Amino acid sequence: MEFFEPVINGFGVVLEPMNLLYCLLGVMIGMLIGVLPGLGPAATIAILLPLTYGVEPVTAIIMLAGIFYGAQYGGTITSVLLRLPGEASAVVTVFDGYALAKQGKAGTALGIAAIGSFIGGTVSIIGLTLLAPIVASFALDFGPPEYTALALLGILLVATVSNGGKLKSVIAAGLGLLLATVGRDGFTGESRFTFGSLSLADGLDFVPIAMGIFGLGEILYNLEQRHNKVQAPAKVANVWPSRQDLKQSSGAIGRGSVLGFFLGILPGGGATLSSLAAYAMEKKRAKNPERFGRGAVEGVAAPESANNAAATSSFIPLLTLGIPANATMAIIFGALLIQGVTPGPQLVANDPELFWGVVNSMYIGNILLLIMSIPLVGIFVKILRVRAAILAPITVLITLIGVYTIRNSVFDIWLVIFFGVIGYLMKKFGFEPGPLVLAFVLGALLEENLRRSLLVFGGDAAGFVTRPISGVLLLVFLMVIFLPLIQSLFKKARAKKATNTDDPSRKNEKESV
Amino acid sequence: MTSPNGDGSNLGGSDVRAAAEAGSVLDDLTPEQLAAEWDEDKPPAAGPLANIAAAAVVVVIGIAGIFLSLAMGLGTPEAPEPGMWPFIISVVLVVLATALAVFGRNRLDAEKFSTSSWAVLAGVGTLIGFVLLVGTVGFEIPSLLLTFVWLRFLGKETWRMSTVLSFAVVAAFYLIFVVALGVPVPHLF
């Protein structure tokens, strides 16, 4: 029973009115931005960071977490009704969700998605509750070398699994690491890259960078992309799925939840990847796969369960190891640091109220979201009528005024605009902003642990390899780098053979890939 | 965050309308066709030059980083000086960027700048105007101007809609930030 005591105390934390209110606020914002195409959860969380300064750490993280998993629910609605995914993680839901909507079964699709999301989320919270303390206790023995290896691997995985070009993503991560060195060197106290500026003496602040690169960068990017006004759909009827639909999709929900949970833990995994994987798995398993894309309920149930499960389980590496598994988690990591909380293996033991408060708030949040997605779905469908053109200036003002309020500093507004332009240009040139922000967040931790380890080893880098855990992690690190290189070499060799045996069309094909 | 958002919002409107007009012709798309359609709807890709330019910028940053790090002193692995870690990152950046210029230049993941890119430049202009003004005249007037420009010119809303909305937005911000939250934003009134 000892294990459950802090878990139950956590519910006490959640049920405080302030926390309940922020949980509701978080999931509602998440649902809204999920419905509205344009801003993703990472951008929204970044923009709303200033809002978290005035409240307790638990309360702040409860809200930010709510935005993240709430967006998974909301993204479904536009996928189903308009055939445009509100969130990247809802892209595959479009295929069968929209097909169902055309058959007049939009309600069924939304209902199944909501129930799948709820089950996926709940399964994942239970998994998080059971697994997180174990991972944390295992990681308690980690020393500087292990953290160095873990941070390196985490950054590399996030960069290589993201959907941009791998090389560009790793470059973005490198730039993030370089940005993290600006300011006072933690060991010698010497200034680095400050160019004599007092504003840079303490280093670049995380908030303007995240708000700029994710928030403003995305707003500017959308400014260029937006041409068409979206037409709001008609009414949605019968949201309650029938017993037969539920029966048909129950397997898909179960498998999607479990798959999503495990993919969410992996660095770079997260909601988008797991929804794709779950859809592919269901299609492969199905007796008649040709039903998929033509309105198969499983095609909605599996990815929606998976993306929500993954959104929840991606908190495990953050809260137990202090290593964010994706860009959104990097921002929540930053938010925790702002609050003076360093996420890591000690968190469960030292700050059980925060840990279990956040975890347990997800039960409440998921129940709230289920209510919003089934009985109240009509309200959110109406919100689809709000045009993106109207929202853009409002989000811009929230960003600019928000960042000013943190330190009453006009310099910070300049920083946000500067990084907003950088974020826009990165998107334009095919660089993912996620790895940069993640590497920036982990940069100081990485350098500190690297230097500490080298001190321990007396300057001999071989020490990393001889310690079992850091050795294995570094081996995985090397494999992630070199396996794809070797594979592509093999592919090239094969392709060359193919072109040699007279197939001119193939060459063009390869070039356009 | 990821491109499907932006892409999706492009095609959505025209598609829904087109589908309504053309009956069910567009309606029976398989996922593969739909994905292909999204791909086509992406903004036109920029050529190898964009990738080389991006790589060149990174190389310049990397080389600058190398020189500045050397100036800070490297030290030994056992007793590193402040320049060691930035030096390592800068070297890695130069190597990676060179690899991008050599091997990755033909990837089509960069987007061309188009005439609608001017909207972004104009948007950035309004942001800069906002910062220049906010310190001296408070947030109300710059916010009003920014909202109006974004609605009327960047968002193509009607004159009436833009005027009414921008006043409403600024009023709402004033009520929330100044009256309700008491946030120390520079304000006129």
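Sequence order as written defines residue numbering, which begins from 1 separately in each chain. All chains are assigned letters beginning at A, and all ligands numbers beginning at 1, according to the order in which they are written. Two thresholds apply to this predicted model, a pLDDT of at least 70 for residue-level local features and 80 or more for giving and counting side-chain atom pairs, whereas whole-chain, interface and lining totals are computed over all residues.

A.B. asks: Explain the overall build of chain B to me, using residue names and the numbers behind them.
C.D. replies: The number of helices and strands found in chain B is seven helices and zero strands. A run of H or I in DSSP becomes a helix once it reaches four residues, and a run of E becomes a strand once it reaches two; helices and strands are each numbered from the N terminus. Helices and strands in chain B line up, N terminus first, as α-α-α-α-α-α-α. Sorting the 189 residues of chain B into buried and exposed places 34% on the buried side. For every residue, the other C-beta atoms within 10 Å of its own C-beta are counted; 20 or more classify it as buried, 12 or fewer as exposed, and values in between as partly exposed. C-beta atoms are placed from the backbone.

A.B. asks: Would you mind going over the overall build of chain A in detail, with residue names and values included?
C.D. replies: Secondary structure summary: chain A contains 23 helices and two strands in total. It is over C-alpha atoms that the radius of gyration is taken, and the globule rule equals 2.2 Å times the number of residues to the power 0.38. What you see for chain A is a C-alpha radius of gyration of 23 Å, in line with the 24 Å of a compact globule of 513 residues. By its C-alpha atoms, chain A is 70 × 70 × 50 Å across when sized along the principal axes. Across the 513 residues in chain A, those meeting the buried criterion constitute 61%. Residues are defined as contacting one another if the C-beta atoms placed from their backbone atoms lie within 7 Å. When contacts within chain A are restricted to residue pairs at least 6 apart in sequence, long-range pairs at least 24 apart make up 79% of them.

A.B. asks: I'd like a rundown of the environment of leucine 51 of chain A, residues and numbers included.
C.D. replies: Structurally, leucine 51 of chain A can be placed in the loop between helix 3 (41-47) and helix 4 (57-82). Residues leucine 51 of chain A and proline 85 of chain A, spaced 34 residues apart in sequence, show a C-alpha to C-alpha distance of 27 Å.

A.B. asks: How would you sum up helix 18 (residues 388-407) of chain A? Please name residues and give values.
C.D. replies: Residues and elements named next belong to chain A. For helix 18, with 20 residues, the first-to-last C-alpha span of 30 Å sits near the 28 Å given by 1.5 Å per residue. Burial runs high along helix 18: 14 of the 20 residues are buried. Just beyond helix 18, the residue with positive phi is asparagine 408, at close to 50 degrees. An expected span of 1.5 Å times one less than the residue number is assigned to each helix.

A.B. asks: Got a sec to walk through the interface of chain A and chain B? Specific residues and values, please.
C.D. replies: At the interface, 75 residues of chain A touch 75 residues of chain B. Listing elements by their share of the side of chain A that touches chain B, those giving two or more residues are helix 3, helix 5 (93-102), helix 8 (166-180), helix 9 (206-225), helix 18, helix 19 (410-428), helix 20 (433-456) and helix 23 (504-512) of chain A. Taken together, the residues that form the side of chain A that touches chain B break down as 41 nonpolar, 21 polar and 13 charged. Three classes are used: nonpolar for Ala, Val, Leu, Ile, Met, Phe, Trp, Tyr, Cys and Pro, charged for Asp, Glu, Lys and Arg, and polar for all others, with Gly counted as polar.

A.B. asks: Could you give me a rundown of helix 8 of chain A, with the residues and numbers involved?
C.D. replies: An ideal rise of 1.5 Å per residue puts 21 Å on 15 residues; helix 8 of chain A measures up with 21 Å between its terminal C-alpha atoms. Counting buried residues in helix 8 of chain A gives 15 out of 15 residues, a clear majority hidden from the surface.

A.B. asks: Provide a residue-level description of the nonpolar core, including the pertinent values.
C.D. replies: Grouped together as the largest cluster of nonpolar side chains are 210 residues, with contacts concentrated most on Ile171, Ala210, Ile332 and Val437 of chain A. Among the elements that line this core, the one with the most residues is helix 4 of chain A, at 16 residues. Those domain boundaries reflect an automatic or database domain assignment. When we break this core down by domain, the ones giving at least three residues each are domain 2 (48-103) and domain 3 (117-180) of chain B. Excluding residues within four positions of it along the chain, isoleucine 171 of chain A makes contact with Phe431 of chain A together with Val58, Leu93, Leu96, Ala97 and Leu100 of chain B. Nonpolar cores are built from buried Ala, Val, Leu, Ile, Met, Phe, Trp, Tyr and Cys residues. These are joined into a set through C-beta atoms within 7 Å.

A.B. asks: Just give me the short version of the packing of helix 4 of chain A against helix 14 (residues 327-338) of chain A, but keep the residues and values in it.
C.D. replies: The geometry of a pair of packed helices is captured by two quantities: the angle between their axes and the separation between those axes. Residues and elements named next belong to chain A. Comment: axis = line fitted to C-alpha atoms, over the contacting stretch for helices; angle = value between 0 and 180 degrees taken between N-to-C directions. For the pair helix 4 and helix 14, the least separation of the axes is 10 Å and the interaxial angle reads 170 degrees. With respect to their mutual orientation, helix 4 and helix 14 come out roughly antiparallel. The two elements helix 4 and helix 14 cross, and the hand of that crossing is right-handed. Listed contacts from helix 14 to Pro57, Ala60, Ile61, Leu64, Ala65 and Phe68 of helix 4 are Thr328, Ile332, Ala335 and Leu336. Split into classes, the residues belonging to the contact of helix 4 with helix 14 amount to nine nonpolar, one polar and no charged. Any angle from 65 to 115 degrees is called roughly perpendicular, while one under 35 is roughly parallel, one over 145 is roughly antiparallel, and all others are oblique. Handedness of a crossing is defined here by the sense of rotation of the near helix relative to the far one, left-handed for an anticlockwise turn of less than a right angle and right-handed for a clockwise turn.

A.B. asks: Mind laying out the domain arrangement of chain B, listing which residues take part and the relevant values?
C.D. replies: We note that the domain assignment places domain 1 (3-41), domain 2 (48-103) and domain 3 (117-180) within chain B. Relative to domain 3 of chain B, the C-alpha centre of domain 2 of chain B lies at a distance of 40 Å.

A.B. asks: Kindly report on unusual backbone geometry, identifying the contributing residues and their values.
C.D. replies: With a phi angle near 50 degrees, phenylalanine 193 of chain A is a residue other than glycine that sits in the positive phi range. Mapped onto the fold, phenylalanine 193 of chain A is located in the loop between strand 2 (191-192) and helix 9. In this structure, lysine 156 of chain B takes a positive phi of about 60 degrees despite not being glycine.

A.B. asks: Give a description of the environment of glycine 182 of chain B that names residues and reports values.
C.D. replies: Following the sequence through the fold, glycine 182 of chain B ends up in the segment after helix 7 (159-180). Once the C-alpha coordinates of glycine 182 of chain B and glutamate 157 of chain B are considered, the two residues, 25 residues apart in sequence, prove to be 32 Å apart.

A.B. asks: Give me the lowdown on the confidence of the model for chain B, citing residues and values where you can.
C.D. replies: All names here are of chain B. When pLDDT is averaged along chain B, the result is 80; 79% of the residues meet or exceed 70. Scored below 50 in pLDDT, residues 1-26 shows 55 contacts in the model against residues more than four places distant or in partner chains. Here the prediction assigns the complex a pTM of 0.85, and the interface score ipTM is 0.83. Residue-level confidence of the predictor, termed pLDDT, takes values from 0 up to 100.

A.B. asks: Pulling in residues and values, what's your account of the packing of helix 2 (residues 17-35) of chain A against helix 16 (residues 352-373) of chain A?
C.D. replies: Residue and element names in this part refer to chain A. Their axes nearest at 9 Å, the elements helix 2 and helix 16 cross at an angle of 55 degrees. Judged on the interaxial angle alone, helix 16 and helix 2 are oblique. The two elements helix 2 and helix 16 cross, and the hand of that crossing is right-handed. Every residue of helix 16 that contacts helix 2 at Asn19, Leu20, Cys23, Leu24, Gly26, Val27 and Met31 is listed here: Gly357, Ser361, Ile364, Gly365, Leu368, Leu369 and Met372. Its residues placed into classes, the contact of helix 2 with helix 16 shows nine nonpolar, five polar and no charged.

A.B. asks: Kindly report on the confidence of the model for chain A, identifying the contributing residues and their values.
C.D. replies: On average, residues of chain A score 86 in pLDDT, and 93% of them are at 70 or above. Below pLDDT 50 for its whole length, residues 502-513 of chain A participates in seven contacts with residues either more than four positions away or in separate chains.

A.B. asks: Explain the environment of isoleucine 33 of chain A to me, and be specific about the residues and the numbers.
C.D. replies: All names here are of chain A. Residue position: isoleucine 33 is located in helix 2. Take isoleucine 33: there are 27 C-beta atoms within 10 Å of it, and that puts it in the buried class. Isoleucine 33 has contacts with Leu39, Pro41, Thr44, Ala71 and Gly74, leaving out every residue within four places of it along the chain.

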